[in-house]
Amino acid sequence: MADANTDGRPETATDRADGALDEAALKEAGLRLEVAGAVATVTLDRPERRNAMTFATWRGLAAIGRSLPADVRVVVLRGEGPSFSAGIDLGMFSGEGGGFTDGADAEGTDRFIAELQEGYTWLRRPEIVTVAAVHGHAIGAGFQLALACDIRVVADDAEFCMKEPALGLVPDLTGTKPLVEIVGIGRALELCLTARTVRAEEAARIGLAEITVPRDGLDGAVRDLVDALLAVNAGAAVATKRLLWQAPGNSLDEQCAAERREQIGRLRDVFGR
Ligand code: ACO
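Residues numbered from 1 in each chain as written. Predicted model: local features only at pLDDT ≥ 70, side-chain atom pairs only at ≥ 80, totals over all residues. Heavy atoms only, no water.

## Remarks on the overall build of the chain
- Helix and strand counts for the chain stand at 10 helices and 9 strands.
- Counting every position in the chain, which comprises 273 residues, the buried fraction comes to 46%.
- A separation of at least 24 residues holds for 69% of the contacts in the chain among residues at least 6 apart in sequence.
- By element, 55% of the accessible surface of the chain is carried by carbon and sulfur atoms, the whole surface being about 13,100 Å². (Helix = DSSP H or I, 4+ residues; strand = E, 2+ residues; numbered from the N terminus. Buried < 20%, exposed > 50% of the residue type's maximum accessible area, 1.4 Å probe, protein only. Contact = heavy atoms within 4.5 Å. Areas by Shrake-Rupley, 256 points an atom, 1.4 Å probe, with all protein chains shown as cover.)

## Regarding the layout of surface pockets
- Here the second largest pocket defines a volume of roughly 270 Å³.
- As for the second largest pocket, its lining consists of 17 residues, and the residues nearest its centre are Thr41, Val76, Arg78, Asp219 and Val222.
- If you list the elements that add at least two residues to the lining of the second largest pocket, you get β1 (31-36), β2 (39-44), β3 (74-79) and α8 (218-231).
- The biggest single contributor to the lining of the second largest pocket is α8, with 6 residues.
- Here the lining of the second largest pocket is composed, by residue class, of 6 nonpolar, 4 polar and 7 charged. (1 Å grid on protein atoms, 1.4 Å probe; cavity = no way out; pocket = protein on both sides within 12 Å on 5 of 7 lines; lining within 4 Å. Points joined across faces, edges and corners; volume = space filled by probe spheres on them. Nonpolar A, V, L, I, M, F, W, Y, C, P; charged D, E, K, R; others polar.)

## So, helix α5 (residues 176-183)
- Of all the residues in α5, the buried ones are Pro178, Leu179 and Val183. Down the axis of α5, the buried side of the element spans an arc of 105°, and every buried residue falls inside it.
- In this structure, the buried side of α5 is in contact with α4 (141-148) and α6 (185-194).
- Of the residues flanking the end of α5, it is Gly184, one or two places downstream, whose phi is positive at about 90°. (Arc of directions from axis to C-beta.)

## Here we look at the pattern of salt bridges
- With the rule as written, the count across this model stands at 19 salt bridges.
- A salt bridge links Glu80 to Arg32; the nearest nitrogen and oxygen atoms lie 3.1 Å apart. Placement of the pair is Glu80 in the loop between β3 and α3 (106-121) and Arg32 in strand β1, with a sequence separation of 48 residues.
- Judged by relative accessible area, Glu80 falls into the partly exposed class, the value being 25%.
- The exposure class of Arg32 is partly exposed, given its relative accessible area of 28%.
- For Arg152, the salt bridge identified is with Glu210, shortest N-O distance 3.8 Å. Here Arg152 is found in strand β6 (residues 151-155), whereas its partner Glu210 is found in the loop between α7 (200-205) and β9 (211-213), with 58 residues between them in sequence. (Salt bridge = Lys/Arg side-chain N within 4 Å of Asp/Glu carboxyl O.)

## A short note on the nonpolar core
- Grouped together as the largest cluster of nonpolar side chains are 54 residues, with contacts concentrated most on Trp58, Phe160 and Leu179.
- If you look at the next biggest cluster of nonpolar residues, it comprises 16 residues, including Val74, Val129, Ala133 and Leu218. (Core = buried A, V, L, I, M, F, W, Y, C linked by side-chain atoms within 4.5 Å.)

## Describing the packing of helix α9 (residues 234-246) against helix α10 (residues 252-271)
- At their nearest, the axes of α9 and α10 sit 10 Å apart, and the two run at 170° to each other. Comparing the axis directions of α9 and α10 gives the class roughly antiparallel. Of α10, the residues touching α9 (which contributes Gly235, Ala236, Ala239, Arg242, Leu243 and Gln246) are Gln255, Ala258, Glu259, Arg261, Glu262 and Arg266.
- Broken down by class, the residue content of the contact of α9 with α10 amounts to 4 nonpolar, 3 polar and 5 charged. (Axes fitted to C-alpha atoms, helices over the stretch in contact; angles between N-to-C directions. Parallel < 35°, antiparallel > 145°, perpendicular 65-115°, else oblique.)

## Focus: the side chain of Ser83
- Tracing the backbone through its elements, the reader meets Ser83 in the loop between β3 and α3.
- Discounting residues that sit within four places of it in the chain, Ser83 has contacts with Arg50, Asn51, His135, Gly136 and His137.

Now the structure itself:
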């Protein structure tokens, strides 16, 4: 698979050899990063393309994940302009972006997709709580990005759509697992195999939105949530996220053991024993 952006130019690395982020490359990837103390805000910033994402965007997200300062506790993902994200940049299908299959065997394509998935997997790290602030369209890869976050704050104009099957593809940016875990297999099948749109009210009803607010209240609701998240003990937040995320895959016995393990650490930390 060719390594180029939708303009056909070579991808620019978003992280440098010294581990720091290359701001210019991030901008070119359609991303903006602002870090203020314990809060990092990642903005999808190609509003003229409804924040459509390219290979560079996913690599940029992965680079942000790798370079996040250790004292960041909350990461907010948001979209500039009228949409959260219209998903993959459709220019990538036309060959403008080098195409998807140029010269790649199955192993090479597997490696390539795994690299892109890294743009999403870091959002599950227990050291951070990730919040998607979703407004307007969250389509395909954009929907999956919201699903990769721990908590979704959703504006009343939001529209989710898992468009991939309609384009002959499967959702492959880590979205199928959280989707099934959140809405159940039947609803996940219905949503994906019809590629229909889920509006904010339904998203709240089926568990895709933890918080729903009027469009002009989105930023304020996210700020309030971030403040509340930061008010909780940092060590307990990390341990609890780790615990909760493993719960669905554990038996009751395994989960009880995990609770004991985490609590031993907490007791030492809180009471010094
Ligand atoms: N890729 C590239 N360009 C896009 C994309 C996209 N995914 N989505 C929107 N744009 C561009 C449009 O081409 C248009 O460009 P132009 O001004 O040069 O004509 C501009 O963004 C604005 O888009 P409009 O369609 O005019 O905006 P509108 O608000 O009416 O509609 C919507 C927004 C619903 C998102 C529509 O653009 C759309 O359906 N986009 C395609 C969505 C899609 O199929 N994504 C792929 C999903 S599958 C996956 O992600 C793996």
